[in-house]
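Residues per chain are reported as follows:
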Amino acid sequence: MGMSEFYGGADEAESVATIHRALDLGVSLLDTSDMYGYGANEELVGRAIRGRRDEVVLATKFGVVRFADNLSRGVRSDPEYVRQACDASLRRLGVDHVDLYQQHRVDPAVPIEETVGALAELVAAGKVRHVGLSEASPETIRRAHAVHPITSVQTEWSLWSRSIEEEVVPVCRELGIGIMPYSPLGRGFLTGRYRSVDDFEEGDFRRTSQPRMTPENLERNLAFVRALEALAQERRVTAGQLALAWVQCQGPDVVPIPGTKRRKYLEQNVAAVGLALSPDDIAAIENAVPVEQVVGARYAEDRAKLLD
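Report on the accompanying structure. Computed from a prediction, not measured in an experiment: that's the story for all the values here.

1. Examining the pattern of salt bridges
Point 1. Considering all chains together, one arrives at 20 salt bridges under this definition.
Point 2. One salt bridge in this structure joins arginine 76 and aspartate 78, with 2.6 Å as the shortest N-O distance.
Point 3. Residue aspartate 78 is classed as buried on the basis of its relative accessible area of 19%.
Point 4. Between glutamate 219 and arginine 226 there is a salt bridge, with its nearest N and O atoms 3.6 Å apart.
Point 5. Classification of glutamate 219 as partly exposed rests on a relative accessible area of 44%.
Point 6. Linked by salt bridges that have partners in common, Asp24, Arg52 and Glu55 make up one network.

2. Quick look at the sheet that holds strand β6 (residues 128-134)
Point 1. The strand order across the open sheet built from six strands is β1-β2-β5-β6-β7-β8, with neighbouring strands paired in parallel fashion. Of all strands in the sheet, those with a lone pairing partner are β1 (29-31) and β8 (178-182), marking the two edges. Averaged over all pairs of adjacent strands, the angle between strand axes in this sheet comes to 25°, irrespective of strand direction.
Point 2. Relative to strand β7 (residues 150-156), β6 runs parallel, the two being bridged by four bridges.

3. Details of unusual backbone geometry
Point 1. Backbone geometry at tyrosine 38 places phi at a positive 55°, although glycine is not the residue there.
Point 2. You can see tyrosine 38 is positioned in the loop between β1 and α2 (40-49).
Point 3. A relative accessible area of 44% means that tyrosine 38 is categorised as partly exposed.

4. Observations concerning the state of the cysteines
Point 1. Per the stated rule, a full pass over the model turns up zero disulfides.
Point 2. Of all cysteine sulfurs in the structure, the one in cysteine 249 sits closest to cysteine 172, which takes part in no disulfide; the separation is 18 Å.

5. Overview of the environment of alanine 223
Point 1. Tracing the sequence through the fold places alanine 223 in helix α7 (residues 215-235).
Point 2. Look at alanine 223 and you get partly exposed, because its relative accessible area is 41%.
Point 3. As a C-alpha pair, alanine 223 and valine 294 span 71 residues in sequence and 9.8 Å in three-dimensional space.

6. Brief notes about helix α10 (residues 279-288)
Three or four residues apart is the spacing at which side chains of an α-helix point the same way, because the helix has 3.6 residues per turn.
Point 1. Looking at α10, one finds that the buried residues are Asp281, Ile285 and Ala288. Here the buried residues of α10 occupy an arc of 60° about the axis, which is enough to place them on one side. Opposite its buried face, α10 presents the exposed residues Pro279, Asp280 and Asn287, each directed more than 90 degrees away.
Point 2. Where α10 is buried, its residues meet α7 and α8 (239-248).

7. Details of the packing of aromatic side chains
Point 1. Under the definition given, this model contains three aromatic pairs.
Point 2. Their ring planes at 85° and their centres at 6.5 Å tell us that tryptophan 157 and tryptophan 246 sit as a pair that is edge-to-face. With tryptophan 157 in the loop between β7 and α6 (168-175) and tryptophan 246 in helix α8, this residue pair connects regions lying 89 residues apart in the sequence.
Point 3. On the basis of relative accessible area, tryptophan 157 is assigned to the buried category, the value being 1%.
Point 4. Ring centres 5.0 Å apart and planes at 5° place the aromatic pair tryptophan 160 and phenylalanine 189 in the stacked group. On the criterion of sequence distance, the pair formed by tryptophan 160 in the loop between β7 and α6 and phenylalanine 189 in the loop between β8 and α7 is long-range, its members being 29 residues apart.
Point 5. Classification of tryptophan 160 by relative accessible area gives buried; the value is 4%.
Point 6. Since its relative accessible area comes to 1%, phenylalanine 189 is described here as buried.

Rules used in this analysis
Residues numbered from 1 in each chain as written. Predicted model: local features only at pLDDT ≥ 70, side-chain atom pairs only at ≥ 80, totals over all residues. Heavy atoms only, no water. Salt bridge = Lys/Arg side-chain N within 4 Å of Asp/Glu carboxyl O. Buried < 20%, exposed > 50% of the residue type's maximum accessible area, 1.4 Å probe, protein only. Pairing = 2+ DSSP bridges. Helix = DSSP H or I, 4+ residues; strand = E, 2+ residues; numbered from the N terminus. Axes fitted to C-alpha atoms, helices over the stretch in contact; angles between N-to-C directions. Disulfide = S-S within 2.5 Å. Arc of directions from axis to C-beta. Contact = heavy atoms within 4.5 Å. Phe/Tyr/Trp six-rings, centres within 6.5 Å; stacked < 30°, edge-to-face > 60°.

Following this line, the structure appears as structure tokens:
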């Protein structure tokens, strides 16, 4: 996502180099969406994987409709739209199928059974290999899975966003559905790179649209990052690596998708996969970032309305 918008300036050459470096390091899952850059991100990913398609588990999403003001957005998941969106994504990506096609946000106006029925048709047509959901409630997951097997549920999960642990994770495990945590680094905040809103680039939506990163909330939440950094220093790793390893160790069915647009941070993220955490380590990390004390909602009100 950040390679095309939302997180400040973009550098296409570095973005493509980062994707290539990821593949060289053994990263196989690339996740995009038709709404990132109004389709530009799918085009970027398509160019980057040309000639290397067989190395990639290619995932994209549909269902978030953006408007010309670049601020407001809605959702749409009726069967006709699903088919149109899939064909458009395939054209932008330059491929004949995607490995994982995900409903980006649940459409309250369309029964999930109708949406998943259309996705099942795309599977039968060979355009889609597997079906996924994003930010879906336990009830929606159950209803969807009854129509066609759901392979994965993508939702926010990190040290400071743990609400899915109560209901979503148990339902996924009951049904044999994988879990794809997005923003496992707390939108970069848990890396310790950001100490004030001025550290975010111009055009970075975290400057204005993230309740946890308003000046007053950011300062209070920094206390948890400092505690995490102290633990990381003891272990000679970075705070981000500890935070990412914590998500990774939640289970073999958990595949976090940290975003980055630079090779430097990609390599740090990949190195976190090799960190072994003991029960004592996990307890210390969770004590450093007590989720019940995190200040601010994870989304502003307009974006929160799109959650199931």
